[in-house]
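Per-entry structural report
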Amino acid sequence: MMEATDGEEQMRAADHLLAPPNGGMNELLNVGQEDNMQGQMEEFLGPQSEYNEEEEERKYYRRKRLGVIKNVIAASVGAMIVYSVYMGLLQMQLILHYDMTYREVKYSNLGLEDIDRKMLMGINVTPIIGLLYTPVLIRFLGTKWMMFLASGIYALFVSTNYWERYYTLVPSAIAIGVAIVPLWASLGNYITRMAQQYYEYVNYKEEHVQEQRKLPKGVCHSYIIIFHSVFNIIFHLSFVFAEFPMRLVLNGYLHDDDKHILCNVKACGAVVSGVIPGFNTTVLTNLPRSMLLIQVESVLMGFAFLSMIIFLVLCGAAYRPTEEIDLRSIGWGNIFQLPFKHLRDYRLRLLCPFFIYSGFEVLFAITGFSLTYGVCILGLKNLWLLIVVYGLSCSVFSSLSLCILRLPRWLCLVSGAAVHFVLLVTLLVFSLQRKDNENYTWYLGPLLVITVLWGLGTALNKTGVSTLLGMLYAEEKERLDFVYTIYHWWQAIAIFIVYLWSNLPMRAKLSILLATLLVACYCYWVMERRLANDVRPRLPRIPRPRHKVKGYRYLEDDNSDESDSERSEEDEEKEEDEEHVVEEMVAEDREEGGQDRGAQGADSPRARRRGTEGHRRKWEDARVKDGERENHEGW
């Protein structure tokens, strides 16, 4: 028994010596886990064999380029929907309010015809003052938000047609007149900026792009041509979609017999004074149901909201946030004055006749020609066909501006002007005396041919002018909003003139159009000749952004919010900054009683620089003292 007990004790001692305690085993395991985790961390943080930085960068900028294309298409579709809704509703509204039976039965003595005149006056007269506020609105709201707000105003106009009263229709029409110039200036600015951004994303490896310097001359012209062509191809479809309410709803309520509507019309074409003298005041066979009109307006309202969502969600920003800050920081007084100062530029002055003609010819096509020639000869039921053919022609032929990629840029504008010149001469001699028993349907073919050719001229004119402005000011991205504001302001003035001349003889209208076209072609030739001779335009200097000296960001020597577009005159700007600092220093010294020393310090440039450096050194010493004081207090 004693021997067995001694053997068990020896086995327990051996087990105790051979088996380490659990603590020792855990320590060994922890050492191995730490080595393993450290190896995994080094593998994770170290250079990845599968990661290709250049390939990832290329994919990133490809996504950026696709985003720019998405922005261009979204802005084009949004503008097309806005004007489809606006023109379709306005056309249907004017036809209904023109019918005497509709006015008497629906609204008795409300005076809808007088309301329509005031509404058109608000739409056409208000844009005349657009030059005063458009740049301020675009700089304050931003290009994208200006487009969104303007589309909301058009949606407001649609909503007021649910309750047709003076206090609903007229204020909404005035609001549309206020929004026309800002909307179009923002659209032109936006499309050109997208072309500049696309060039930057394609050439992201270039040094001037990485350092955000001013673009070299002419490098993004091809993208400007393509993007403006795409915009006009899509936008001109608005004339087609605007006729859907007319064709699908209102045409079924119009008189089938044109002899009833045109019974008192004796002549058409060039010999007419006014629009259609003798046109019957009753054009509807029966009145459309109120619920049907509400349903149509609700559909149009839905599309108006869709355009707002497109501008809000699908359109990206036109400028970087720092550039937006700089655009606003030049001072509201300067923003207000710069459109007028840009009129000193001989390029804009010589293009003004083309701006005016651009407004003349579009409004003449959809009012003067389509009514005095089209409706007067073919009847009101064929109005939609003329407008649809005109819109399709404009859309298809807008693609011809892509020829500027290979041909001279003047070819687009001059070709459109030549087409319109021939058509204006033709319309001057074309007139018709109506007879009761004669069939005029065979005139449909010639009128459609004239409509297609007029659409060809419109496409070349519209696309050519907007593309030309983008090419002339492609490198001056801080001037784009002013330039496109001037363009569409002159267009608005032309539309107002067309509104005023509605009672003039047709030959007088055509003569004004022809004279304006010839003057525009001559002025454009003079402008191209001056550019070929390298005559430098007189461009107003855009002031450098003046940020408030608050926070650490603006106390540094290098302004972190400064865009590179303002660095073309660095020497002059440095002198201005030094003078500004010296003036502040002089003012401080005068307050302290050292007026003589401050005046002497501002006499020479070298002394100014010394004063600037001394002022900066004084400010740095003050910062050091403040830091020491804070450390002492903390200790």
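Residues numbered from 1 in each chain as written. Predicted model: local features only at pLDDT ≥ 70, side-chain atom pairs only at ≥ 80, totals over all residues. Heavy atoms only, no water.

In the annotation of an unreviewed UniProt entry, the entry for the chain reads Unc-93 homolog B1, TLR signaling regulator, and the organism field reads Seriola dumerili. The heading Sequence similarities (unreviewed entry) in the UniProt record of the chain holds the text "Belongs to the unc-93 family." The UniProt entry for the chain carries the following comment under Subcellular location (unreviewed entry): "Membrane". (UniProt positions renumbered as here; feature names shortened; annotations may be inferred.)

1. Things to note about the overall build of the chain
Counting its regular elements, the chain contains 25 helices and two strands. Across the 635 residues of the chain, 48% fall into the buried class. In the chain, the proportion of contacts linking residues at least 24 apart, taken out of those at least 6 apart, comes to 87%. Accessible area of the chain: about 32400 Å², with a carbon and sulfur share of 59%. (Helix = DSSP H or I, 4+ residues; strand = E, 2+ residues; numbered from the N terminus. Buried < 20%, exposed > 50% of the residue type's maximum accessible area, 1.4 Å probe, protein only. Contact = heavy atoms within 4.5 Å. Areas by Shrake-Rupley, 256 points an atom, 1.4 Å probe, with all protein chains shown as cover.)

2. A few points about helix 21 (residues 480-500)
The end-to-end C-alpha distance of helix 21, which contains 21 residues, comes to 31 Å, matching closely the 30 Å that a straight helix rising 1.5 Å per residue would cover. Within helix 21, 16 of the 21 residues are buried, which leaves it mostly tucked inside the rest of the structure. (Expected span 1.5 Å × (residues − 1).)

3. Remarks on the packing of aromatic side chains
Counted by the stated rule, this structure contains 31 aromatic pairs. Measuring from ring centre to ring centre gives 6.3 Å for Trp 184 and Phe 231, while their planes differ by 85°; the resulting arrangement is edge-to-face. Of this pair, Trp 184 sits in helix 8 (residues 166-202) while Phe 231 sits in helix 10 (residues 221-235), and the two are 47 residues apart along the sequence. As far as burial versus exposure is concerned, Trp 184 and Phe 231 are alike and both buried. (Phe/Tyr/Trp six-rings, centres within 6.5 Å; stacked < 30°, edge-to-face > 60°.)

4. Observations regarding unusual backbone geometry
The backbone of Asp 534 sits at a positive phi, close to 60°, despite the residue not being glycine. Relative to the elements of secondary structure, Asp 534 occurs in the loop between helix 22 (506-532) and helix 23 (570-591). For Asp 534, a relative accessible area of 63% puts it in the exposed group.

5. A few points about a nonpolar patch on the surface
Judged by side-chain polarity, Trp 145, Ile 309, Leu 312, Val 313 and Leu 314 come together as a nonpolar surface patch covering roughly 460 Å² of accessible area. Along the polypeptide, Ile 309 turns up in helix 14 (residues 290-314). Ile 309 gets classed as partly exposed once you look at its relative accessible area, which sits at 49%. (Patch = residues over 30% accessible without salt bridge, like charges linked within 9 Å, V, L, I, M, F, W, Y side chains within 5 Å. Salt bridge = Lys/Arg side-chain N within 4 Å of Asp/Glu carboxyl O.)

6. Looking at the packing of helix 5 (residues 112-125) against helix 8
Any two packed helices are characterised by how steeply their axes cross, that is the angle between the axes, and by the distance between the axes. Helix 8 packs onto helix 5 with a crossing angle of 20° between their chain directions and a minimal axis gap of 7 Å. Relative to helix 8, the element helix 5 is oriented roughly parallel. The handedness of the crossing between helix 5 and helix 8 is right-handed. Together, Ile 115, Lys 118, Met 119, Gly 122 and Ile 123 of helix 5 and Tyr 166, Leu 169, Val 170, Ala 173, Ile 174, Ile 176, Gly 177 and Ile 180 of helix 8 make up the contact between the two elements. Among the residues making up the contact of helix 5 with helix 8, the classes are represented as ten nonpolar, two polar and one charged. (Axes fitted to C-alpha atoms, helices over the stretch in contact; angles between N-to-C directions. Parallel < 35°, antiparallel > 145°, perpendicular 65-115°, else oblique. Left-handed = near helix turned anticlockwise from the far one by under 90°. Nonpolar A, V, L, I, M, F, W, Y, C, P; charged D, E, K, R; others polar.)

7. Observations regarding the environment of Glu 55
Tracing the chain through its elements places Glu 55 in helix 3 (residues 53-98). With a relative accessible area of 27%, Glu 55 lands in the partly exposed category.

8. With respect to the side chain of Asn 124
In this fold, Asn 124 is placed in helix 5. On the accessibility criterion, Asn 124 (12% relative accessible area) is buried. At 2.8 Å, the side chain of Asn 124 forms a polar contact with the backbone oxygen of Leu 120. (Polar contact = N/O pair within 3.5 Å; in protein donor to acceptor, adjacent residues only side chain to side chain.)

9. Considerations on the state of the cysteines
If you walk through the whole model with that rule in mind, you get one disulfide. Cys 523 carries a free sulfur, and the closest cysteine sulfur to it, the one in Cys 352, is 9.0 Å from it. (Disulfide = S-S within 2.5 Å.)

10. Let's talk about helix 16 (residues 332-342)
Here helix 16 has its buried residues at Ile 335, Leu 338, Pro 339 and His 342. Projection of helix 16 onto a plane perpendicular to its axis shows the buried side chains occupying an angular sector of 95°, all on one side. Of the surrounding secondary structure, the elements contacted by the buried residues of helix 16 are helix 6 (130-141), helix 15 (321-328), helix 17 (346-378) and helix 21. (Arc of directions from axis to C-beta.)

11. Observations regarding the nonpolar core
Nonpolar side chains in soluble globular proteins tend to be buried together. Core analysis: the biggest nonpolar cluster contains 159 residues, and Tyr 83, Tyr 86, Leu 469 and Leu 510 have the highest contact counts within it. Broken down by element, this core gets its largest block of residues, 20 residues, from helix 17. Not counting residues up to four positions away in its chain, the partners in contact with Tyr 83 are Gly 88, Tyr 154, Ile 180, Leu 183, Trp 184, Phe 235 and Ser 238. Grouped together as the second largest cluster of nonpolar side chains are five residues, Ile 330, Ile 335, Leu 338 and Ile 542 included. (Core = buried A, V, L, I, M, F, W, Y, C linked by side-chain atoms within 4.5 Å.)

12. Some words on the packing of helix 17 against helix 19 (residues 410-429)
Between helix 17 and helix 19, the least distance of the axes is 13 Å, while the angle of their chain directions is 40°. Both helix 17 and helix 19 take part in a crossing whose hand is left-handed. Together, Phe 354, Tyr 357, Glu 361, Phe 364, Phe 369 and Tyr 373 of helix 17 and Leu 413, Ala 417, His 420, Leu 424 and Leu 427 of helix 19 make up the contact between the two elements. Class assignment for the residues of the contact of helix 17 with helix 19 results in nine nonpolar, one polar and one charged.

13. Things to note about the pattern of salt bridges
Summed over all chains, the structure comprises ten salt bridges. Between Arg 409 and Glu 528 there is a salt bridge; the shortest N-O distance is 3.1 Å. Remark: Glu 528 occurs in helix 22 and Arg 409 occurs in the loop between helix 18 (383-397) and helix 19; sequence separation between them is 119 residues. Among the residues examined, Glu 528 registers a relative accessible area of 16% and is labelled buried. Of the charged contacts in the structure, one is a salt bridge between Glu 476 and Arg 479, with a shortest N-O distance of 3.2 Å. Relative accessible area serves as the criterion here: at 14%, Glu 476 is assigned to the buried category. Of the residues examined, Arg 479 reaches a relative accessible area of 7% and is grouped as buried.

14. As for a positive patch on the surface
Together, Arg 344, Arg 349, Arg 530 and Arg 538 make up a positively charged patch on the protein surface. One can find Arg 530 in helix 22. (Lys, Arg positive; Asp, Glu negative; His and termini not counted. Charge placed at Lys NZ, Arg CZ, Asp CG, Glu CD.)

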